[in-house]
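# Structural characterization, general
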Amino acid sequence: SDVYKRQMLIIPGSLNKLKRNGSTLSNLSGPPKLNRMTAFIIIYYISNNLNIPVICDADTGYGGINNVWETVRRLESAGVTAIHIEDQEDPKKCGGLPGRTVVPITQKVDKIHAAMSARRYPNTLIIARTDAKAVEGLASVSDRLNIYLEAGANIVLAAEAYELSELRDLGKNV
């Protein structure tokens, strides 16, 4: 499709991409499986009626590696251009809330491998997000992002609030 032939360019103040965050659709009524199914249907209609790339926040991938694989397949089939999956333990919390925990690095690497193997199109981007700063510190964020890139993630994302000096350090170390 034409979406896969385009490059993403983010210009502040313009709408040239659509990002669905984790809490937007997770608050739908009904059991969790119904929520995910409903979310996939909504994302399908969004992706197929807009002529812009869609980035989808897939939370933790909604479970283990089999769930991650299925989530990537469904989102890619719905027309999503990029999918980001975080390294929080289930049940996850909003990235800004205290009390978050992260999975062991090996478990996240397995999820990245599952996500990459699920892709049908090489232009579908897998974004690996970490929420490790509050739990493990800045050095762990840097280590995790590098390991996630080595595992095959196309893009890495450091969630949480950062000071400018911390962002500079991450820029040098990742």
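The structure displayed is predicted, hence computed values, not measured ones.

## Focus: the overall build of the protein chain
Broken down by element type, the protein chain carries seven helices and five strands. Starting at the N terminus and walking to the C terminus, you meet the elements of the protein chain as β-α-α-β-α-β-α-β-α-α-β-α. For the protein chain, with 174 residues in total, the buried portion stands at 40%. Sequence-distant contacts in the protein chain: of pairs separated by 6 or more residues, those separated by 24 or more amount to 72%.

## Let's talk about the packing of helix α6 (residues 138–150) against helix α7 (residues 164–173)
In contact at an axis separation of 10 Å, α6 and α7 are set at 35° when each is read in the N-to-C sense. Judged by the twist between their axes, the crossing of α6 over α7 is right-handed. Taking contact as the criterion, the partners of Leu138, Val141, Ser142 and Asn146 in α6 are, on α7, Glu166, Asp169, Leu170 and Asn173. Its residues placed into classes, the contact of α6 with α7 shows three nonpolar, three polar and two charged.

## Some remarks on the packing of helix α3 (residues 65–77) against helix α4 (residues 105–118)
Where α3 meets α4, the axes come as close as 8 Å, and the angle between the chain directions of the two elements is 35°. Along this stretch, α3 crosses α4, giving a crossing that reads as right-handed. Residues Ile65, Val68, Trp69, Val72, Arg73 and Glu76 of α3 form the contact with α4, whose participating residues are Asp110, Lys111, Ala114, Ala115, Ser117 and Ala118. Across the contact of α3 with α4, the residue classes tally to seven nonpolar, one polar and four charged.

## Comments concerning the confidence of the model for the protein chain
Looking at the protein chain, the pLDDT average stands at 80 and 75% of residues meet or exceed 70. Of all the helices and strands in the protein chain, helix α1 (residues 22–26) carries the lowest mean pLDDT, 45, while α4 carries the highest, 98. In the predicted structure, residues 1–34 sits below a pLDDT of 50 and forms 54 contacts with residues beyond four places in sequence or in another chain.

## Let's talk about the pairing of strand β3 (residues 82–86)
Of all five residues making up β3, five are buried, and the element is well covered by its neighbours. Of the two faces of β3, the one lined by Ala82, His84 and Glu86 and the one lined by Ile83 and Ile85 are each fully buried. The pairing of strand β2 (residues 54–57) with β3 spans three bridges and is classified as parallel. Residue Ile55 lies in a different strand from β3, and its bridge partner there is Ala82. At this point the chain moves from β2, through α3, to the parallel β3, and the crossover so formed is right-handed.

## Overview of α6
Taking 1.5 Å of rise per residue, the 13 residues of α6 would be expected to cover 18 Å, and the 19 Å separating its terminal C-alpha atoms lies within 8% of that figure. Buried within α6 are the following residues: Ser140, Val141, Ser142, Arg144, Leu145 and Tyr148. On its buried face, α6 sits against α4, β4 (125–130), α5 (133–136), β5 (155–158) and α7. Downstream of α6 by one or two residues, Gly152 has phi in the positive range, about 120°.

## Here we look at unusual backbone geometry
In this structure, Asp59 is a non-glycine residue whose phi angle is positive, near 50°. Looking at the element boundaries, Asp59 is found in the loop between β2 and α3. Phi at Glu160 takes a positive value of approximately 85°, unusual for a residue other than glycine. If you trace the backbone, Glu160 turns up in the loop between β5 and α7. The exposure class assigned to Glu160 is partly exposed, which follows from its relative accessible area of 22%.

## Some remarks on the nonpolar core
Core analysis: the largest hydrophobic core is formed by 22 residues, its most contacted members being Val72, Leu75, Val80, Ile83, Ile85 and Ile112. If you list the elements that add at least two residues to this core, you get β2, α3, β3, α4 and β4. When residues in this core are grouped by element, the largest group, six residues, is from α4. When residues no more than four places from it in sequence are discounted, the contact partners of Ile83 are Cys56, Ala58, Val72, Leu75, Glu76, Thr124, Leu125, Ile126 and Ile127. Val141, Leu145, Tyr162 and Leu170 belong to the second-largest nonpolar core, a separate cluster that totals six residues.

Thresholds, definitions, all that
Residues numbered from 1 in each chain as written. Predicted model: local features only at pLDDT ≥ 70, side-chain atom pairs only at ≥ 80, totals over all residues. Heavy atoms only, no water. Helix = DSSP H or I, 4+ residues; strand = E, 2+ residues; numbered from the N terminus. Buried < 20%, exposed > 50% of the residue type's maximum accessible area, 1.4 Å probe, protein only. Contact = heavy atoms within 4.5 Å. Axes fitted to C-alpha atoms, helices over the stretch in contact; angles between N-to-C directions. Left-handed = near helix turned anticlockwise from the far one by under 90°. Nonpolar A, V, L, I, M, F, W, Y, C, P; charged D, E, K, R; others polar. pLDDT = per-residue confidence, 0-100. Pairing = 2+ DSSP bridges. Right-handed = clockwise from strand over helix to strand, strands pointing away. Expected span 1.5 Å × (residues − 1). Core = buried A, V, L, I, M, F, W, Y, C linked by side-chain atoms within 4.5 Å.

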